[in-house]
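If you want the building blocks of each chain, they are given just below.
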Amino acid sequence: MYTCGPTVYNYAHIGNLRTYIFEDVLKRVLLANGYKVTHVMNITDVGHLTSDADEGEDKMEKGARREKKTVWDVADFYAKAFQNNLKELNIQTPTKWVRATDHIKEQIALIQELEDKGFTYKTTDGIYFDTSKFKAYPDFARLKVSQQKEGARVKVNTEKRNASDFALWKFSPKNETRQMEWKSPWGIGFPGWHIECSAMSMKYLGNTFDIHAGGVDHIPVHHTNEIAQSEAATGKPLARVWIHGEFLVLKGDEKMAKSADNFLTLEKLKEKEFDPLAYRLFTYSSHYRQKLTLSCAALEAAQKALTNLRGHIQMWDAPKGLCAEHEKRFFDALNDDLNMPQALAVMWDMIKSNKPSAAKHASLNRFDSILGLGLASIKKKKIPKNDLLEAKKIDQARALKDYTKADSLRFKLEKKYIVETTTAGTSIIPK
Ligand code: AMP
Ligand code: ZN
């Protein structure tokens, strides 16, 4: 499995992180089904321009200027920050990390192969892939090339033969030394953004591998270009399955983007006292192919649900046995195109059921091998007898309709417990 990783010129925003959580769930489900997974993730540290149409500035060089650091330092800093985010979100590390700048040789070799096969042409600013020579291109891009217009926001590159053609190699601007540039058979410059993923995925996973994943924004440009250049070079399909995660959006469908100022990082969520794993849980509220709308209320609900979940486990006996029917329903939901909202509903249904707590505990631990909420490490907590008595007093006060007393007792207990009153009485769960 190959997953497109971050461009490390800034922190990842929590939208990006939704995609990595979805990919992690996919991987965990494959593992739970008994597959062996070799997972490669790249780190883009060169060549991603501010416009996906190969125009504008290199995002990395721009980041370096902003921070008055070298491009290399910026890349290291944000790559580490990203890896830290993954850890905090309990995202399993890929089998192999690969960096674009560590694979310049492989990228040049792939461009040469495309040149030998007649898929490239040269302009004053670089070597381009001629998409009209790759007949299947419009099918992958889900577009009509003849109707495609280059966005008015970018200066149209008049030397391009087709609007959808893309750079494989860009020359360093004349009279300007870039911090990142390499010699190549065509001149000093740097690789285009898309070529890195083709070169590195094929190097580590072979010309055809099983799964390629990323966010939906990659469908029309980045992944289409990866397919075109890889298949043009090898004559074989690049990946057997492509799978894309929908976006995290703000109210009103506004996109969260690193290049805009509206982005929220995991660090910011932590400052607002959200547990990163509550964010992970929040992302499960929507199917990966559906947009997910961020709101403070929804995040708070997820935080509460996580605390509640942890509290339940603290009350349960040590794991033993299983809740067979719930396990079947849980894994059936996941194997049905990763239906996480459904799987979560099954989980809550099991928690609320009257199955023995040891069986619930054992099944929940197995669920957590997919959910990744760190539930297995939670230990049983003994509740002091006195606190249990206080909880009983709430019910007694309620029976006497002394709600002021019931509320004041509840208020005290809520400092340490989640206090739940149902028709069966009041129960307290350690926070
Ligand atoms: P980037 O660092 O911009 O290359 O993006 C990293 C990953 O995040 C890619 O797989 C993108 O498709 C994905 N992505 C970007 N924005 C969002 C968003 N708002 N919601 C979910 N995924 C996103
Ligand atoms: Zn990629």
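Residues numbered from 1 in each chain as written. Chains lettered and ligands numbered in written order. Predicted model: local features only at pLDDT ≥ 70, side-chain atom pairs only at ≥ 80, totals over all residues. Heavy atoms only, no water.

1. Describing unusual backbone geometry
Part 1 of the reasoning: For Lys 68, which is not glycine, the phi dihedral falls at a positive 50°.
Part 2 of the reasoning: Along the chain, the position of Lys 68 falls in the loop between α2 (59–67) and α3 (71–88).
Part 3 of the reasoning: For Glu 273, which is not glycine, the phi torsion reads 65° and is therefore positive.
Part 4 of the reasoning: Among the secondary structure elements, Glu 273 is positioned in the loop between α8 (266–271) and α9 (276–283). (Helix = DSSP H or I, 4+ residues; strand = E, 2+ residues; numbered from the N terminus.)

2. Description of the sheet that holds strand β6 (residues 166–171)
Part 1 of the reasoning: Across the sheet, 4 strands lie side by side as β4-β5-β6-β7; this open sheet has antiparallel pairing. Bordering the open sheet on either side are β4 (120–123) and β7 (189–191), each of which pairs with just one other strand. The sheet shows a mean angle of 25° between the axes of neighbouring strands, taken without regard to direction.
Part 2 of the reasoning: Bridging between β6 and β7 involves 3 bridges; their strand directions are antiparallel. The partner of Lys 170 across the bridge, within β7, is Phe 190. (Pairing = 2+ DSSP bridges. Axes fitted to C-alpha atoms, helices over the stretch in contact; angles between N-to-C directions.)

3. Topic: the sheet that holds strand β10 (residues 248–250)
Part 1 of the reasoning: Taken together, the 3 strands give an open sheet; going across it, the order is β11-β10-β12, and neighbouring strands pair in mixed fashion. Each of the sheet's edge strands pairs with one partner strand only, and the pair in question is β11 (254–255) and β12 (292–293).
Part 2 of the reasoning: When β10 meets β12, the two strands line up parallel, connected through 2 bridges. Looking across to β12, one finds that Leu 248 is bridged to Leu 292.

4. Points about the coordination of the zinc ion (ligand 2)
Part 1 of the reasoning: At this site the zinc ion (ligand 2) is bound by Cys 4 (SG), Cys 197 (SG), His 222 (NE2) and Glu 226 (OE), with donor distances of 2.0 to 2.7 Å.
Part 2 of the reasoning: What the 4 donor atoms of the zinc ion (ligand 2) show is an angle range of 75 to 130° at the metal, which sorts the shape as irregular.
Part 3 of the reasoning: Counting along the primary sequence, the residues that act as donors to the zinc ion (ligand 2) give the motif C-x192-C-x24-H-x3-E. Residue Cys 197 is found in helix α6 (residues 193–205), and its partner Glu 226 is found in helix α7 (residues 219–234); the two are separated by 29 residues along the sequence. (Donors = N, O, S within 2.8 Å, 3.2 Å for Na, K, Ca; no water. Tetrahedral: all angles 85-135°; square planar, octahedral: opposite > 155°, others 65-115°.)

Shape is all these values report; function is a separate question.
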